[in-house]
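An overview of the molecular structure
Below, each chain spelled out in residue letters.
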Amino acid sequence: MKNANTLSRYSRFIEQYPWAMLLIVLGLTAVCSVLNYTIVPFPSFEEPAKGFASRNTDSVRKIRTFQNLEIYTSDTSHNSLFNKIDNYLPVSQPAVAGESGSGPDETSLLCTTTDFLTRVRIVFEADFTLEKIRAMCSFSDNRIRSRTNFSTICLKDSTTSSSCCPDVSLGNVIAAARNVYSCSALREIDIDEMRDLLTDCAPWYGNDSLTRTCAETQAKYDSVDVPQAERRCIAVPRRCTHFNSVYIIFHYLVDKGFVDALVAGSADFPKLTYALTLYQSLDPLSRDIEARRVPQDWYIGVYEDLFTEHRPTYDGVTIAGHDLGIAFRVFSTRIVSESIYIALSLLVIFVIMWIYTQSFFITSMGSLAIVFAMVIAYFIYHVVFRVPFFSYLNIISFIVVVGVGADDVFVYLDIWRHTKMMRPDVDIASWVDTTLKHAALAMFVTSFTTATAFYTNVLSAITALRVFGIFAGTAILMNYVMMITWLPAVIVIHDKYFNRCCGRRCRRSDDDDGGGGGNLGCLRKCFRGVKSIYEKVVPCVIVKFRYFFVGVLAALAIAASIAVFYKPRLRLPSDDSFQLFTPSEPLATYELKLAEQFNFEKNEYDHLVYTFVWGIKAEDKGNHLDPSNEPVHLTFESDWESGFVFTRERQAYFLDFCRQVRNESFYLSSKTCFASEMDNWLASLRHANACVAHETLARSRGWVPTEPYDLCCNVFLPVDSPTTFDTCLKRWSNVILVNRTKKDYFSVKFDDDGNVKAVTSQIVTNRHFTWRFNEMADVYNEMNRFMDRWRGANQPVGLRDGWASSELAFYDMQRNLFSGTLTAMGVALCLAFFVLFLTTFNIVISFYAIVAIGFVLLCTIGTVVLLGWELNVIESVTVALAVGLAVDFTVHFGVAYRLSLEPLRRDRTLFAVRQIGQAISMAALTTFAAGVIMMPATITSLFQIGVFLVLVMTFSWLYANFFFLPLCAIIGPQNQFGQIPIPRALDCYDSSSSVSPSDDLEKREDAKGNDVVAANGNAIVLKPIVIESRNDHENHVNHIVVEKKKPTNDSVKEIQDVKMPQELPNGGFDHHQLGVSTDHGVQVVWC
């Protein structure tokens, strides 16, 4: 009763002060707009891949913590071990490559040692012939290197500081290996000699003996002292490692098919399909935005001049593809230009709304409501929720909100028109009250379930998904607020002012047999035809063929489930590439088709390194909703905070660890395991005269002893004295660090005062990195099972919380995409069931609706699986969209079925489709059209969202109309079956004077032969008394008097003007169209 009075007062306010409501909403939106402009930074999309990674998961925390540790200790200002602990200098060790004068290496060939993966790439369709090799060189010289300002972006030769480094191309590498001064000077004999060399060396590359470091290894070690892990390189013939030319060609410059044929020992020299050239320039993908802007600007000019078409041909050679490092930069501008597709989608939705509402005013103001909802949502997102990161995926939510908003406008307007038709003699406030009772409930259910589906993405560990869920869910809720505040006021203003000024002209157009009124009259005739179809044809088809529809659509859902879970099944991403553009865009050719052709682009053969860490907590104290907020922060364990003391027990722990890890099935070699390495060093000191020799050398270099030098000469680990261990540890550390080229190789981490703050151990395993989820899951479990044996209460104090990490970031993203998507779907469906149940209090209707929604999801996902899509981040967003949008139509029908006063399932089904079927179809049409218009986009996310909108709308409309409703017509609840009594506190209807949707209906005749509907002690007497013979051309109904009374002596009569069909020739009435007006809307009583 209280709720009903509140709604009545609100309806009265809307009716009396509609302009005030508009001003309130306008003022709120204006304030939010100003604050958005002044205090919220405008979003930038220059790094579209930002946020497309897991955050704050177990694996990612460990990876990030270890990276922070390496950053912390590689800086000499943070690690006094490199300059303050001791001034002892060890005996010199063999020089590394480049220092020994052993001969040229790839540095002299390529003039830089920077990682090849930062190079710009161009792929040619070529053959291993002199003509094609020269043509590739000619293209580079004439089309790339000769361009204006190339010298400003190229890498310079360190020996001259003025000349640009040569391209890493097939021609230049062969020229360097053959001692020819340039690619253009190559001769046929040079090509023939290189063919022979590649044929002879291919088996060494094929069995992993020929690696990039082989030339360095062969120069550094003689055949006796080679470590076991590097002995395979020594066996490789020196001609195969000369200049590293063979490795560079096999690994970087030719396609895998060519290499595989040579490795397999092809009788004939194989055909080369693709040849790649790496351009040595400033990195266009540098993390420094300003540093990458200059090379990006230059390469954008190259792209616009040469590569805007697929497979262009220049200088006798065809360009198969390219990666110029500009995809992100082009994307940031392309997403602006391709916003035209979003604009066209909105325009189509606007036109459809205009046609349906037949009012430009209502359509314009309804569209403004959606825009206002987005403005307020943006303010709440940034200012209230304090989310600093705005992913470009959030733009997609605008399309979703427009579709949902249009759906709400259609539903509200449909119920408003029905209310006016059935209760023409009450005031506007009563119309508002009745419409809101139905429309606000239906819109709340769909909006809340849709928003919930989006909000469940907060459970994901991937930042882009989390922020998308927050923004999209908030926008949906703000749209609902607009639909119950702004839209009712707009409708009231339209009826008060616009209808009264043109009502007579409109009625004349309606009554014109010739369809007068111009285009508007034609549109109204069309909609009368559509309305007639939904009132007569569609209901009959749904009921008559209900068994057929349920069977066919259930079979379709079963087939979709086979496609999703069995074959070909939903697949996780097969690599970590980030697809910005569709295959129709030349910028995407290299990533989609060519990258897999070259060995260096796939790391599946790299040995995994297991990293074990003690002393540091694996934490991520940054803002998990901001991918830029990743502070270099370390939190030490309590026992390590002020320096770790190596007691005898702790020394034994590390010794046992280093020894037992060698017995594990995954062990290949030890990269760092300090206890065993230090133990070996101490053992070397125990040889005769070793300590004396070291002390003599140290004194000759200025070492002033502060303690006996021979302190470590007779030490056996573990030792009883922590002080002795600490002294020997620091002396050994100096020996190790001087002989290693990278400081971060050392596994014991000191602070500025020489205290041990952390210990790491890195083990090279015989496990290979792969993109395959199941294999990496085995690696993850194996690594953690091993580490669990070295954790826990039975280990020495301070060593109970060690942890393990490896190259598992991509696996972690795969796992979170899979589990997060399933979790979000499950939670969204459960919450949708819960909300629908609270709305209908009927468990059967709620269950049927969730089954239909689940089938929609299965069919949608099954279709994209058949299209070859993988579950990547963008696809996960589209699945979230599917969950959010799939609930709308079915929930609308479920609520309508429940609100029907009909006692029989067949009649309730007919009521539901007649009441809102047309509005739902128009809503589906608007979003479907928006999806179709977005499909020509070259940006992958826009294209995929367009496809998903088309699929979701298609399957949602099919299953709502032809599965859920027929299912209700077959085994839907009737009378009070499956109905839970509504608690009085939750019943917003005034049952003292009206029939509530939860009333138990019973049909009978009274003593006078009148039809009576008995409802929980109330009686509605239907008297077929014609009081007016006016013929309504649109509805073909007359009017009857409905007397509603309580079966008591003090009966109170309430006369309401209700439309019903004309009297039939036999004197009866067509009860299929009979209507009863109650305080909360028009309901079909008999069918």
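Residues numbered from 1 in each chain as written. Predicted model: local features only at pLDDT ≥ 70, side-chain atom pairs only at ≥ 80, totals over all residues. Heavy atoms only, no water.

**What about the pairing of strand 2 (residues 274–279)?**
Spelled out, the test is: When a residue's accessible area, from a 1.4 Å probe over protein chains only, is under 20% of the maximum for its type it is buried; when over 50% it is exposed; and in between it is partly exposed. Every helix listed is a DSSP run of H or I at least four residues long, and every strand listed is a run of E at least two residues long, numbered separately from the N terminus. Paired strands, as defined in this entry, are two strands with at least two bridges between them according to DSSP.
Along strand 2, six of the six residues are buried, which leaves the element largely enclosed by surrounding structure. Here strand 2 shows a buried face lined by Tyr274, Leu276 and Leu278 and a second buried face lined by Ala275, Thr277 and Tyr279. In this sheet, strand 2 lies alongside strand 1 (residues 120–125) in antiparallel orientation, the contact comprising six bridges. For Ile122, the partnering residue across the bridge sits in strand 2 and is Thr277.

**Focus on the sheet that holds strand 2**
Note the threshold: Any two residues whose heavy atoms approach within 4.5 Å at even a single point are treated as in contact. Lines fitted to C-alpha atoms define the axes, with helix axes restricted to the stretch in contact, and inter-axis angles between N-to-C directions lie between 0 and 180 degrees.
Strand order in the open sheet formed by four strands is 2-1-4-3, with antiparallel pairing between adjacent strands. Two strands lie at the open edges of the sheet, namely strand 2 and strand 3 (313–314), each paired on one side alone. As judged from the five bridges shared by strand 1 and strand 4 (residues 317–323), these two strands associate in the antiparallel manner. Each bridged residue has a counterpart across the sheet, and for Phe124 the counterpart in strand 4 is Ile319. Contacting strand 1, strand 2, strand 3 and strand 4, helix 5 (residues 130–145) crosses the sheet at an angle of about 35° to strand 2.

**Details of the confidence of the model for the protein**
Where the model shows low pLDDT, its predicted coordinates should not be examined in detail. Heads up, the condition is: Each residue gets a pLDDT score, which is the predictor's confidence in that residue and runs from 0 to 100.
In the predicted model, the protein carries a mean pLDDT of 79, and the fraction of residues at 70 or more is 77%. Scored below 50 in pLDDT, residues 740–744 shows 12 contacts in the model against residues more than four places distant or in partner chains. Scored below 50 in pLDDT, residues 988–1087 makes 235 contacts in the model with residues more than four places away or belonging to other chains.

**Here's the deal with a nonpolar patch on the surface**
Selection criterion: To count toward a patch, a residue needs a relative accessible area over 30% and no salt bridge; like charges are then connected within 9 Å, while nonpolar side chains (Val, Leu, Ile, Met, Phe, Trp, Tyr) are connected within 5 Å. Here the Shrake-Rupley method, with its probe set to 1.4 Å, supplies the accessible areas, and only the displayed protein chains count as covering residues. What counts as a salt bridge is simple: a side-chain nitrogen of Lys or Arg found within 4 Å of a carboxyl oxygen of Asp or Glu.
A grouping of Ile340, Leu344, Leu347 and Val351 is seen on the molecular surface, where their side chains present a nonpolar patch of about 330 Å² in accessible area. Structurally, Val351 is set in helix 16 (residues 339–357).

**What to know about the pairing of strand 5 (residues 607–614)**
Taking burial as the measure, the eight residues of strand 5 include seven buried ones, the bulk of the element. As judged from the three bridges shared by strand 5 and strand 11 (residues 803–805), these two strands associate in the antiparallel manner. Residue pairing for strand 11: Val613 is matched across the bridge by Trp803.

**Description of the nonpolar core**
Within soluble globular proteins, side chains that are nonpolar tend to cluster in buried spots. So the rule is basically this: In this description, a nonpolar core means a group of buried Ala, Val, Leu, Ile, Met, Phe, Trp, Tyr and Cys residues linked to one another through side-chain atoms lying within 4.5 Å.
Core analysis: the biggest nonpolar cluster contains 296 residues, and Phe139, Trp614, Phe674 and Leu729 have the highest contact counts within it. Broken down by element, the residue count for this core peaks at 20 residues, all from helix 20 (residues 463–511). If we skip the residues at most four places from it in the chain, Phe139 touches Ile122, Phe124, Ile144, Tyr279, Leu306, Phe307, Tyr314, Asp315, Val317 and Ile319. Phe66, Ile616, Phe636 and Ala758 belong to the second largest nonpolar core, which has eight residues in total.

**Points about the packing of aromatic side chains**
Rule in force here: Centres within 6.5 Å are what make two rings of Phe, Tyr or Trp a pair, Trp counting through its six-membered ring; a difference in plane orientation under 30 degrees is then read as stacked, over 60 as edge-to-face, and the rest as tilted. Charge-over-ring placement is defined geometrically: NZ (Lys) or CZ (Arg) within 6 Å of the ring centre, and within 35 degrees of the ring normal.
Taken as a whole and judged by the stated rule, the model has 63 aromatic pairs. Where Phe52 meets Tyr392, the ring centres are 6.1 Å apart and the plane angle is 15°; that geometry is what we call stacked. Placement of Phe52 in the loop between helix 2 (18–39) and helix 3 (58–74) and of Tyr392 in the loop between helix 17 (360–384) and helix 18 (396–422) is noted, with a sequence separation of 340 residues between them. Pair check on accessibility: Phe52 and Tyr392 agree, each one buried. On the numbers, 6.4 Å between centres and 40° between planes, the contact of Phe139 with Phe307 is tilted. Here Phe307 lies in the loop between helix 14 (289–306) and strand 3 and Phe139 lies in helix 5, a separation of 168 residues in the sequence. The positively charged end of Arg417 is found above the aromatic ring belonging to Tyr356, 5.8 Å away from the centroid.

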